[in-house]
Amino acid sequence: MSSTAGQVIKCRAAVSWEAGKPLVIEEVEVAPPKAMEVRLKILYTSLCHTDVYFWEAKGQTPVFPRIFGHEAGGIVESVGEGVTDLAPGDHVLPIFTGECRECAHCKSEDSNMCDLLRINTDRGVMISDGQSRFSINGKPIYHFLGTSTFSEYTVLHVGCVAKINPAAPLDKVCVISCGISTGYGATVNVARPPKGSTVAVFGLGAVGLAAAEGARASGASRIIGVDLNPKRFEEAKKFGVTEFVNPADHKKPVQEVLAEMTNGGVDRSVECTGNINAMISAFECVHDGWGVAVLVGVPHKDAEFKTHPVNFLNERTLKGTFFGNYKPRTDIPGVVEKYMNKELELDKFITHSVPFSEINKAFDLMLKGESLRCIIRMDG
C-alpha cells in the first residue's frame, strides 16, 4: 500500500460553488476509501458536455458545491476493505456508470444498466454511507456521477473503475471513459450497420463523430452528417462522414431530405444531440422494412417523443442505448486495446490541452463550440 493509504489526502480540486460560475481551484481533503471503494490519483481528465450541462444547471436539480468531471485516466492510490481485483499502482479509467457483477442487469449479456451503480445525476454522495469523501474545513463538497475527476485525488466505488493496460497512454485513452465509447458503441454494438449500408449521424460533436467512426469501422458506404453548425462539416470528414445536411438550409423536414437522398431512407441512424425534434427526425428518416434508429442524446426532462404508429408498423425499429452498451469493467479494457492495436483512432478527437490551473479555459472552448475534447493535465 502507498504511504498515504488510510490517511486523509490534501490536494487541489476545481470546485464549482454555484451554477454557471467559474470553477475555483481549492485545497480539499479527500477521505480514504471505505469498503468496496478505491481512491485514485487522477493524471488526466477531459471535459465532456455533460459536465457543462450540469454545471449550468438549467434543466436539472442543482447540487452545489460540487466537483465535476467524469472522463479521466489515473492510477489506484489505495483500496478499501473487500476490494480484491484492484491494487495500488493499477492504471484505470473511472466510469460514470458501474458494474457490480451481481445484479440481474450485470448477469445479463444484453444489458449494462447495473441496478446498484447506474448513473445518478442528482446523487452527490457515496452509495455506502450517504457521505461525501471531499471536504473543505469540515464542510462536504459533493460528488458528481460518482467520479468527480476534477480533483487530483478522488474516491469511487470499485464497480465504477475499469482496469486497463498499463502501457496505454492515459492522456489519450482517458476519452474512452465516456463520450467516445458512447458514440462508437452506439453504432457498432446497437445500430450494427451492415457493410455497404447508409448511416445518418445527427449531431457532429465528439459523441456523434465517434458514432461516425463506428460506422466507418463497420464498413458503411455513405455516412451522412446532420448538424446546424456548418463549421463542423470539414472536421467531420476525418471521421468518415461523406455527406452533410444542415436542416436550416431546407424548407422541408430533414427526414424528408434524407429520404430523397437515399431512395426511401437511410439504413441506420444514430442521434447524438438530445434535441427531441432531432430524435424524431432520426427515427422517421430510416428506411421502412429494415431501418434502425438509435437514440444516444439525453433529452430535456419534459420532452415527449411523438411519431405516427404506422412508422413502427412499416417495420422501422427504434432503439435506445446507454454508454454504447458497454459494461464498464468487462468491456472498456477491450476498447483500450482497440486503440493500442490501431483499430480505433483517438488523437483526432483531442483538439486542445490545458493545465489544471486553467480548467475554465476548457469550459470556454466547449461553450464556444471550438473543441471536441480538451485534455486537462492535472500536474499543471
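All of these numbers come straight from a predicted model, not from anything done at the bench.

Draft legend 1. Fine view of the sheet that holds strand S13 (residues 268–271). Taken together, 6 strands build an open sheet; the order of strands is S12-S11-S10-S13-S14-S15 and the sheet is parallel. Across the chains shown, the open sheet's two edge strands, defined by having one partner strand only, are strand S12 (243–245) and strand S15 (317–320). Between one strand axis and the next, the sheet turns by 20° as a mean value, whatever way the strands run. As judged from the 4 bridges shared by strand S14 (residues 292–295) and S15, these two strands associate in the parallel manner. Opposite Val294, over in S15, you have Lys319 as the bridge partner.

Draft legend 2. Region of the structure containing the domain arrangement of the chain. According to the domain assignment, the chain contains domain 1 (9–177 + 346–377) and domain 2 (183–321). Summarising the inter-unit geometry, the C-alpha centres of domain 1 and domain 2 are found 30 Å apart. At the junction of the two partners, domain 1 supplies 6 residues and domain 2 supplies 11 residues. Here domain 1 meets domain 2 over a buried area of about 780 Å², counting both sides, of which 65% is carbon and sulfur. The largest contributions to the domain 1 side of the interface with domain 2 come from Lys348, Phe349 and Leu372, which together make up 64% of the buried area. Run the count over domain 1 and domain 2 and you get 1 salt bridge. Two residues, Glu213 and Lys348, come together in a salt bridge whose shortest N-O distance is 2.9 Å. On the surface where domain 1 and domain 2 come into contact, there are 2 residue pairs in polar contact (both at pLDDT 80 or more). Each residue belonging to the side of domain 1 that touches domain 2 can be placed in one class, and the counts come to 2 nonpolar, 2 polar and 2 charged.

Draft legend 3. Main features of unusual backbone geometry. In this structure, Pro65 follows Phe64 across a cis peptide bond, with omega equal to -5°. Within the secondary structure layout, Pro65 lies in the loop between helix H1 (49–56) and strand S4 (71–79). The phi torsion at Asn263 lies on the positive side, around 60°, for a residue other than glycine. Note that Asn263 resides in the loop between helix H7 (254–261) and S13. Here the phi dihedral of Phe323 falls at roughly 50°; this positive angle occurs in a residue that is not glycine. Examined against the element boundaries, Phe323 turns out to sit in the loop between S15 and helix H10 (328–340).

Draft legend 4. A look at the nonpolar core. Ranked by internal contacts, the top residues of the largest apolar core, which has 102 residues, are Leu93, Phe150, Val173 and Ile332. Among residues more than four places away in sequence, those in contact with Val173 are Leu93, Ile164, Ala168, Val336, Tyr339 and Leu346. By size, the runner-up hydrophobic cluster in this structure holds 15 residues, among which are Val226, Val245, Phe283 and Cys285.

Draft legend 5. Region of interest: the packing of H1 against helix H11 (residues 359–367). The contact between H1 and H11 brings their axes to 11 Å, and the two run at 95°. When the interaxial angle is binned, H1 and H11 end up roughly perpendicular. Residues His49, Val52, Trp55 and Glu56 of H1 form the contact with H11, whose own contacting residues are Phe363, Met366 and Leu367.

Draft legend 6. Just H1, in detail. Looking only at H1, the buried set comprises Asp51, Val52, Phe54 and Trp55. Its buried side turned inward, H1 meets strand S3 (37–46) and H11. One or two positions beyond H1, positive phi appears at Ala57, with a value near 55°.

Draft legend 7. Representation of the packing of aromatic side chains. Counted by the stated rule, this structure contains 13 aromatic pairs. Ring centres of Phe150 and Phe363 lie 6.4 Å apart, and the angle between their planes is 70°; on these two criteria the pair is classed as edge-to-face. Of the two residues, Phe150 sits in the loop between strand S7 (139–141) and strand S8 (153–157) while Phe363 sits in helix H11, which places them 213 residues apart along the sequence. According to the relative accessible area criterion, Phe150 is buried, its value standing at 0%. Put simply, the rings of Tyr53, Phe54, Phe64, Phe68 and Phe144 pair up and form one aromatic cluster. Across the ring face of Phe239, the terminal group of Lys348 is positioned such that the distance to the ring centre comes to 4.9 Å.

The rules behind each value
Residues numbered from 1 in each chain as written. Predicted model: local features only at pLDDT ≥ 70, side-chain atom pairs only at ≥ 80, totals over all residues. Heavy atoms only, no water. Pairing = 2+ DSSP bridges. Helix = DSSP H or I, 4+ residues; strand = E, 2+ residues; numbered from the N terminus. Axes fitted to C-alpha atoms, helices over the stretch in contact; angles between N-to-C directions. Domains from an automatic or database assignment. Contact = heavy atoms within 4.5 Å. Buried area = accessible area lost by both parts, 1.4 Å probe. Salt bridge = Lys/Arg side-chain N within 4 Å of Asp/Glu carboxyl O. Polar contact = N/O pair within 3.5 Å; in protein donor to acceptor, adjacent residues only side chain to side chain. Nonpolar A, V, L, I, M, F, W, Y, C, P; charged D, E, K, R; others polar. Core = buried A, V, L, I, M, F, W, Y, C linked by side-chain atoms within 4.5 Å. Buried < 20%, exposed > 50% of the residue type's maximum accessible area, 1.4 Å probe, protein only. Parallel < 35°, antiparallel > 145°, perpendicular 65-115°, else oblique. Phe/Tyr/Trp six-rings, centres within 6.5 Å; stacked < 30°, edge-to-face > 60°. Lys NZ or Arg CZ within 6 Å of the ring centre and 35° of its normal.

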